[in-house]
Amino acid sequence: MMTEKYPFEQKSDAGKGPVKRLVVLPFRKSVEISFKSIKARFFRSMITTLSLVLAVSFLSFVYVSNDAANGLLAADDPDLRQSLIQSGYDLAPGADRVDSSPKQRWIAILSLLVCAVGIVNAQLMAVTERFREIGTMKCLGALDRFILRLFMLEAGMQGLAGAAIGALAGGLFALLNAWFMFGAAAWVHLPGVVVTGSVIKAIGVGCVLSLIGVLYPAVLAARMQPVEAMRAEH
Amino acid sequence: MDAHHNIVRVSDVTKTFKMGKVEVRALQGVSLEVKAGEYLSIMGPSGSGKSTLFNMIGGLDKPTSGKVYIDEVDIAQLDAYELAWLRCRKIGYIFQTFNIIPVMTALENVTLPMVFAGMNNDAAVDKGLELLELVGLGDRFQHKPSELSGGQQQRVAVARALANDPAIILADEPTGNLDLSTGEEIIKLLKTLSRETRVTVISATHDFKMLNVSDRVVWVRDGSIDKIEERDELSISVGQIGAREAAATGGRTE
Ligand SMILES: Nc1ncnc2c1ncn2[C@@H]1O[C@H](COP(=O)(O)OP(=O)(O)OP(=O)(O)O)[C@@H](O)[C@H]1O
Ligand SMILES: [Mg+2]
């Protein structure tokens, strides 16, 4: 890295022995700072994450509902097949899988998009509020990428928590819904592993979304010159 | 290293701000040399360019023309890493608005620059406590800025500025948001530090209490240096200072 030239090396620090001319922020410390930052602004973080919770719970609901329906289909029971068709699943004769309908897919994609825009907006505001803090950190020696990392970590943690809550809630709701429609059979034939996979997939989508949403605001914050950052608030 | 080398050298620095079509010439050719260990005050009325000069010396902003040398290194030549290192290790900043990071405790604020400097956590905490003790806040280390008074926050800022044993402490109106006696305490603290640790203190201010402790005073006016006075030239009566203040601010009362 930048270890070749140290303009101050020969000058005043010659007596202090070899000191690395690098500024660092250990990963653990970044996590600690980000976590405290979320805790200190808990309410704001919750609002930022709320739309994510909703969007991910819908996604998870769609996934898990389909998993449950597939479980019923796999049971190879004509009665169950009939009740699936009655409750609105498009089953061609001989089909052995159900898939999310185009309508469901569209709603899921739209809700995720709306949620991403909401995150960008909320994070832009959060970053603006913290210009002075960012400027101060830069005066203390923070590199652009420290700032970027702190914001990404915060968003990652928020995303993980929000998406986990959303995915579990959505999945649970889908299971209750299946039980309501098909009775105990839905639970008996439930493919546990697949459902778990679906919930994890929904959590992953939520995390990625949260990170994408913070990327632009975080880059903006990281690139700020200290003076700009500190003046901006007035 | 000789004790009286120039730690800061400002050479014919100008700064022009463009706001649409209007150009504001905040600095118009400032040259200045600061010796290691000196306590220097930059005095001048509001809008004279003190903060702008502060930002140039601190490597927080780039001059339109001219050069700033810290330890005879032209800081315009530094890349982002070296500049960050300079801000972290060589310079301690103190601001009028304290700028304590609001979500961190006093101790965390003081240790942050040491973390950036690569010090391990225990050593940083020990030194942070020591520094807070030094500025008289030994028992308040767990407090958040919102639980501290302005004067106490500024003390935290002083401790934080000292975290990595910088060669220079730069202060932009450190007493600007403090009442008379609290301001005086901060000034005393800075003076004590400068005497005991031989750190160079450069302070932009229009607080006349600063005059008594300064080795040298640079009077700035309309973006250029009006005059530079040594300590012994400063032994002037309060009445004259009052008159000078009136003249410097164009008769305006602060
Ligand atoms: N970012 C900027 N954009 C435009 N003009 C600026 C900017 N920063 C400073 N100026 C102008 O430069 C001049 C000097 O400003 P500066 O902040 O350095 O004054 P100062 O001596 O610190 O004043 P004060 O005592 O009020 O803090 C002023 O006329 C100000 O309006
Ligand atoms: Mg100013």
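Within any chain, residue numbers begin from 1 and follow the written order of that chain's sequence. Whichever chain is written first becomes A and whichever ligand is written first becomes 1, with later ones labelled in order. pLDDT decides what is reported in this predicted model: residues at 70 or higher carry local features, side-chain atom pairs at 80 or more are listed and counted, and totals for whole chains, interfaces and linings draw on all residues regardless. As a rule here, side-chain values cover all heavy atoms of the structure and leave hydrogens and water aside.

Remarks on the state of the cysteines
Where we set the bar: For the purposes of this analysis, a disulfide is any pair of cysteine sulfur atoms at a distance within 2.5 Å.
Taken as a whole and assessed by the stated rule, the structure comprises zero disulfides over all chains. Sulfur of A:Cys115: no disulfide; nearest cysteine sulfur belongs to A:Cys207 and is 12 Å away. For A:Cys139, which is in no disulfide, the shortest distance to another cysteine sulfur is to B:Cys88 and amounts to 12 Å.

Comments concerning the interface of chain A and chain B
Frequently, the measure chosen for interface size is the accessible area removed from exposure when the parts meet. The condition is simple: By definition, residues are in contact when any of their heavy atoms lie within 4.5 Å. Here the buried area means the combined drop in accessible surface, using a 1.4 Å probe, for two parts upon being joined, counting both sides. In what follows, salt bridge is the name for a side-chain nitrogen of Lys or Arg lying within 4 Å of a carboxyl oxygen of Asp or Glu. Think of a polar contact as two N or O atoms within 3.5 Å of one another; within protein, one of them needs to be a possible hydrogen donor and the other a possible acceptor, and neighboring residues in sequence only count if both atoms come from side chains. Starting at the N terminus, helices and strands are each numbered in turn, a helix being any DSSP run of H or I of at least four residues and a strand any DSSP run of E of at least two. Each residue gets one of three labels, nonpolar for Ala, Val, Leu, Ile, Met, Phe, Trp, Tyr, Cys and Pro, charged for Asp, Glu, Lys and Arg, and polar for the others, Gly among them.
Taken together, the contacts link 36 residues of chain A with 37 residues of chain B. Carbon and sulfur atoms make up 68% of the area that chain A and chain B hide from each other, which totals about 3,400 Å². Between the two partners, chain A and chain B, sit one salt bridge. A salt bridge links B:Glu108 to A:Lys36; the shortest N-O distance between them is 2.5 Å. Remark: the boundary between chain A and chain B carries five residue pairs in polar contact (both at pLDDT 80 or more). Elements represented by at least two residues in the side of chain A that touches chain B include exactly α1 (27–40), α5 (131–139), α6 (144–182) and α9 (226–231) of chain A. Ranked by residue count, the leading element in the side of chain A that touches chain B is α5(A), at six residues. The residue inventory of the side of chain A that touches chain B, partitioned by class, reads 20 nonpolar, four polar and twelve charged.

A closer look at the nonpolar core
Note the cut-off: Grouping buried Ala, Val, Leu, Ile, Met, Phe, Trp, Tyr and Cys residues that are joined through side-chain atoms within 4.5 Å yields what is termed a nonpolar core. Categorising residues by exposure relies on relative accessible area from a 1.4 Å probe, with only protein chains included: less than 20% of the type maximum marks a residue as buried, more than 50% marks it as exposed, and the intermediate range marks it as partly exposed.
Formed by 39 residues in total, the largest nonpolar core has its most connected members in B:Leu132 and B:Val156. Elements represented by at least two residues in this core include exactly β3 (39–43), α3 (106–116), α4 (121–134), α5 (150–161), β7 (168–172), α6 (180–197) and β9 (216–221) of chain B. Apart from residues no more than four positions distant in its own chain, B:Leu132 is found in contact with B:Ala106, B:Leu107, B:Val110, B:Leu137, B:Gly138, B:Phe141, B:Val156 and B:Ala159. Counting residues in hydrophobic clusters, the runner-up holds 35 residues, among them A:Met230, B:Leu60, B:Tyr93 and B:Leu170.

Brief notes about the site of ligand 1
Just so we agree on the cut-off: Here a residue is considered near a molecule or strand provided that any single heavy atom belonging to it is located within 4 Å of it. Under the convention used here, a 1.4 Å probe and the Shrake-Rupley method define accessible areas, while residue burial counts only the protein chains that appear.
Near ligand 1 you find 15 residues, and of these B:Ser46, B:Gly47, B:Lys50, B:Ser51 and B:Thr52 are the closest. Proximal residues around ligand 1 fall on chains A and B, making this an inter-chain site. Separating an oxygen atom of ligand 1 from a side-chain N or O atom of B:Ser51 is a distance of 2.6 Å. Burial of ligand 1 by the surrounding chains reaches 71%, relative to a free accessible area of 630 Å². At three residues, helix α1 (residues 50–57) of chain B tops the list of elements feeding residues into the shell around ligand 1. In the shell around ligand 1, the residues fall into five nonpolar, seven polar and three charged.

Section: the pairing of β7(B)
When a strand is regular, its side chains alternate between the sheet's two faces. Residues and elements named next belong to chain B. Rules: Here the rule is simple: two strands pair whenever DSSP picks up at least two bridges between them.
Counted residue by residue, β7 has five buried out of five residues, so it is predominantly covered. Residues Ile168, Leu170 and Asp172 of β7 are buried on one face, and the alternating residues Ile169 and Ala171, pointing to the opposite face, are buried as well. With four bridges connecting them, strand β6 (residues 91–94) and β7 associate as parallel partners. Following the sheet pairing, Ile94 is matched in β7 by Ala171. Here β7 runs beside strand β8 (residues 200–205); their pairing, made up of five bridges, is parallel. Of the residues in β8, the one forming a bridge with Asp172 is Ala204.

Observations regarding a nonpolar patch on the surface
Note the threshold: Patch definition: residues above 30% relative accessible area lacking any salt bridge, with like charges linked at up to 9 Å and the nonpolar side chains Val, Leu, Ile, Met, Phe, Trp and Tyr linked at up to 5 Å.
A contiguous nonpolar surface patch, about 460 Å² in accessible area, is contributed by A:Phe42, A:Phe43, A:Met46 and A:Ile47. Looking at where A:Met46 falls in the secondary structure, it is placed in helix α2 (residues 42–74).

Some words on the sheet that holds strand β4 (residues 65–70) of chain B
Residue and element names in this part refer to chain B. What counts, and what does not: Every axis in this analysis is a line fitted to C-alpha atoms, fitted for helices over the stretch in contact. Angles between the N-to-C directions lie between 0 and 180 degrees.
The antiparallel open sheet is built from four strands, whose spatial order is β2-β1-β4-β5. The outermost strands of the open sheet, each flanked by one partner alone, are β2 (22–35) and β5 (73–74). With two bridges connecting them, β4 and β5 associate as antiparallel partners. In the sheet register, Ile70 faces β5, and the bridge partner there is Val73. Packed on one face of the sheet, α1 meets β1 (6–19), β2 and β4 and runs near 125 degrees to β1.

Quick word on the packing of aromatic side chains
Residue and element names in this part refer to chain B. Put simply, the test is: Centres within 6.5 Å make a pair out of two Phe, Tyr or Trp rings, where for Trp the six-membered ring is used; the pair is then stacked when the planes are under 30 degrees apart, edge-to-face when over 60, and tilted otherwise.
The tally for this structure, following the rule as stated, stands at six aromatic pairs over all chains. Here Phe54 and Tyr93 contribute two aromatic rings whose centre-to-centre distance is 6.4 Å and whose plane-to-plane angle is 70 degrees, an arrangement assigned as edge-to-face. Of this pair, Phe54 sits in helix α1 while Tyr93 sits in strand β6, placing them 39 residues apart in sequence. Residue classification places Tyr93 among the buried positions, given a relative accessible area of 3%. Between the aromatic rings of Phe54 and Phe95, the centroid separation amounts to 6.0 Å while the plane-to-plane angle is 70 degrees, which identifies the pairing as edge-to-face. Pair noted here: Phe54 is in helix α1 and Phe95 is in the loop between β6 and α3, with a separation of 41 residues, a long-range link. The residues Phe54 and Phe95 share a single accessibility class, namely buried. Ring pairs connect the aromatic residues Phe54, Tyr93 and Phe95, which therefore count as one cluster.

Concerning the pairing of β3(B)
Residue and element names in this part refer to chain B. Counted residue by residue, β3 has five buried out of five residues, so it is predominantly covered. Across the two faces of β3 the burial is the same, with Tyr39, Ser41 and Met43 and Leu40 and Ile42 all buried. Judged from the four bridges that link them, β3 and β9 form a sheet pairing that is parallel. Paired with Met43 across the strands is Trp219, a residue of β9.

Quick notes on the packing of α2(A) against α6(A)
Put simply, the test is: Definitions for this section: a left-handed crossing has its near helix turned counterclockwise from the far helix by less than a right angle. A right-handed crossing has that turn clockwise.
Look at α2(A) against α6(A): their axes get within 6 Å of each other, and the N-to-C directions meet at 35 degrees. Seen along the crossing, α2(A) lies across α6(A) with a hand that is right-handed.

A few points about α6(B)
All names here are of chain B. So the rule is basically this: Multiplying 1.5 Å by the helix residue count minus one yields the expected span of that helix.
Its 18 residues place the ends of α6 26 Å apart at the C-alpha level, agreeing with the 26 Å of an ideal helix rising 1.5 Å per residue. Within the sequence span of α6, burial applies to Thr182, Gly183, Ile186, Ile187, Leu189, Leu190, Lys191, Leu193 and Ser194. Packing partners of the buried residues in α6 comprise β3, β6, α4, α5, β7 and β8. Positive phi shows up at Arg198, right after α6, with a value of about 60 degrees.

Take it as geometry only, folks, not as evidence of what the structure does.
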